[in-house]
Amino acid sequence: MSNEKVPVQLDDVPETALWTLYHRAAEASRPDTLLPDPMAVELVERIDYPFAERFGPGDGAQGQFQALRSGCFDREVEDFLARCPRGQVVALGEGLETQFWRVDNGRVRWLTVDLPESVAVRERLLPTGPRQRLFACSATDPRWMDEVDPAQGVLITAQGLLMYLRPGEVRDLLAACAEHFPGGSLVFDTVPRWLARKAAAGKLHSRGYQVPAMHFGMNGAEQPKLATAHPGIAEVRDVAPVGGRGLVKAILPYFARLPRRPSVVAVRFAAPRLV
């Protein structure tokens, strides 16, 4: 990648890509990092954007929490690739996530699906190899499903996305994925209802940054209800964070037991029946 500074202007939900990138890079810069991610560090150095002014110093626990969340997704992708080495990963709302370079096994096929303005920024900043493709459309637009080749297995990820959709849109997305990708899986993160309400009321902010309104919240105990979105949903599983450092590591086992906490969820779709 070039060393030339690249100005980036994103607003509303697309801007959250810069927030998560900044905190992930801050964590990756530590000598004792939980998430080695040199691509994220390089990106922050290249982007002409007031990260610290907008998001704060980046040296708190937020980076560690971002790393723990990303680690949940990385483990799910790595497990999928261990079973389906040439599988298709579909990253919905990927923003400036650099997961491909953390988990690439040399054979995976990767499809990024995001809004046109986000795809345009990603094209300017990140290299696209022969096994990577970008498709500009909303995750709620079913056109992206026609871009997926499920022959070698499919895993769909949605990091930091579903909380910005309406509950009906989340349900429709789950149902459409179950319908189109039998035998595949979807991994996504959620926020508890209290946090979604706070964001919707405009009460989540720091320094010069206002978190966009969130419309979908789900408490941990509600995860089994996801299976009602479609009869093809065979399993709903909580993906617990692993590791941590310092105080976060000490409280993580207790945090995982809280009924109203952010969580990562894996949904498996039933395989087609052989006739």
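To be clear, the structure that these remarks concern was listed above.
(A) Broad picture of the sheet that holds strand β4 (residues 109-114). Here seven strands make up an open sheet; going across it, the order is β5-β4-β3-β6-β7-β11-β10 and the pairing mixed. Of all strands in the sheet, those with a lone pairing partner are β5 (132-136) and β10 (233-239), marking the two edges. Ignoring strand direction, the axes of neighbouring strands in this sheet form an average angle of 20°. Of the strand pairs in this sheet, strand β3 (residues 88-92) and strand β6 (residues 154-158) are connected by five bridges, and their pairing is parallel. Bridge assignment links Q88 to a residue of β6, and that residue is V154.

(B) Just the pairing of β3, in detail. Buried residues dominate β3, accounting for five of its five residues. Residues Q88, V90 and L92 of β3 are buried on one face, and the alternating residues V89 and A91, pointing to the opposite face, are buried as well. Pairing analysis gives five bridges linking β3 to β4, with the strands arranged parallel. Bridge pairing in β4 places V89 opposite W110.

The rules we used
Residues numbered from 1 in each chain as written. Predicted model: local features only at pLDDT ≥ 70, side-chain atom pairs only at ≥ 80, totals over all residues. Heavy atoms only, no water. Pairing = 2+ DSSP bridges. Helix = DSSP H or I, 4+ residues; strand = E, 2+ residues; numbered from the N terminus. Axes fitted to C-alpha atoms, helices over the stretch in contact; angles between N-to-C directions. Buried < 20%, exposed > 50% of the residue type's maximum accessible area, 1.4 Å probe, protein only.

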